[in-house]
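Now for the letters of each chain:
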Amino acid sequence: MKKKHVPVRTCIGCRETSAKRALIRIVRTPTGEVLVDPTGKKSGRGAYVCPSSECLKAGIVEKRLEQALKCQLGPGDVESLLYQLAQMLSARKEQP
Ligand SMILES: [Zn+2]
């Protein structure tokens with residue numbers, strides 16, 4: 001039996017690999033905005049993180065998010081990413 005191929009990505013925070021679908025994509029759009037990408041389909045350079053603000057923070061503090069996106073993040077970007085992730089996680093929790 002051949003194993004079904006599942007796309008795998010590495011979390012920028014804990015560096016664990018997980019199925020791409022289980023991770024949250026962060027994208028730097030062609031216009032230079034850095035956003036959480038809930039659809040995973042926005043164009044731009046992407047990075048992946050576990051659905052955990054701890055992992056996102058670690059990725060930011062250890063500069064792995066900047067490396068992955070090849071850009072520098074300002075304090076405003078960091079704040080808005082953490083906010084967007086928190087919103088996303090709380091929205092998920094509210095789903096039955
Ligand atoms: Zn992680």
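Keep in mind the model is a prediction, meaning the values are calculated, not measured.

Calculation rules
Residues numbered from 1 in each chain as written. Predicted model: local features only at pLDDT ≥ 70, side-chain atom pairs only at ≥ 80, totals over all residues. Heavy atoms only, no water. Helix = DSSP H or I, 4+ residues; strand = E, 2+ residues; numbered from the N terminus. Rg over C-alpha atoms; globule rule 2.2 N^0.38 Å. Buried < 20%, exposed > 50% of the residue type's maximum accessible area, 1.4 Å probe, protein only. Contact = heavy atoms within 4.5 Å. Areas by Shrake-Rupley, 256 points an atom, 1.4 Å probe, with all protein chains shown as cover. Lys, Arg positive; Asp, Glu negative; His and termini not counted. Charge placed at Lys NZ, Arg CZ, Asp CG, Glu CD. Expected span 1.5 Å × (residues − 1). Arc of directions from axis to C-beta. Donors = N, O, S within 2.8 Å, 3.2 Å for Na, K, Ca; no water. Tetrahedral: all angles 85-135°; square planar, octahedral: opposite > 155°, others 65-115°.

A look at the overall build of the protein chain
Piece 1. Tallying secondary structure elements over the protein chain gives three helices and five strands in all.
Piece 2. Order of helices (α) and strands (β) in the protein chain, N terminus to C terminus: β-β-β-β-β-α-α-α.
Piece 3. For the protein chain, the C-alpha radius of gyration of 13 Å lies close to 12 Å, the compact-globule estimate for 96 residues.
Piece 4. For the protein chain, with 96 residues in total, the buried portion stands at 31%.
Piece 5. For the protein chain, restricting intrachain contacts to residue pairs at least 6 apart in sequence, the fraction spanning at least 24 positions comes to 49%.
Piece 6. In the structure as shown, the protein chain presents an accessible area of about 6,600 Å², 52% of it carried by carbon and sulfur atoms.
Piece 7. Positive and negative charge centroids in the protein chain, built from 18 and 9 side chains respectively, lie 12 Å apart.

Concerning helix α3 (residues 75-94)
Piece 1. The end-to-end C-alpha separation of α3 is 29 Å, in line with the 28 Å expected for 20 residues at 1.5 Å each.
Piece 2. Within the span of α3, buried status applies to L81, L85, M88 and L89. Viewed along the axis of α3, the buried residues span an arc of 95°, placing them on a single side of the element. The exposed set on the far side of α3, more than 90 degrees from its buried face, consists of P75, E79, Y83 and E94.
Piece 3. Its buried side turned inward, α3 meets β3 (24-28), β4 (34-37), α1 (53-61) and α2 (64-69).

Notes on the coordination of the zinc ion
Piece 1. Protein-derived coordination of the zinc ion comes from C11 (SG), C14 (SG), C50 (SG) and C55 (SG), at a distance range of 2.3 Å.
Piece 2. Geometry at the zinc ion is tetrahedral, judged from its four donor atoms and the angles of 102 to 113° they form at the metal.
Piece 3. Site description for the zinc ion: donor spacing in sequence, C-x2-C-x35-C-x4-C. Within this pair, whereas C11 is found in the loop between β1 (8-10) and β2 (17-19), its partner C50 is found in the loop between β5 (45-49) and α1, the two being separated by 39 residues in sequence. Comparing C11 with C50, the two get one shared label, buried.

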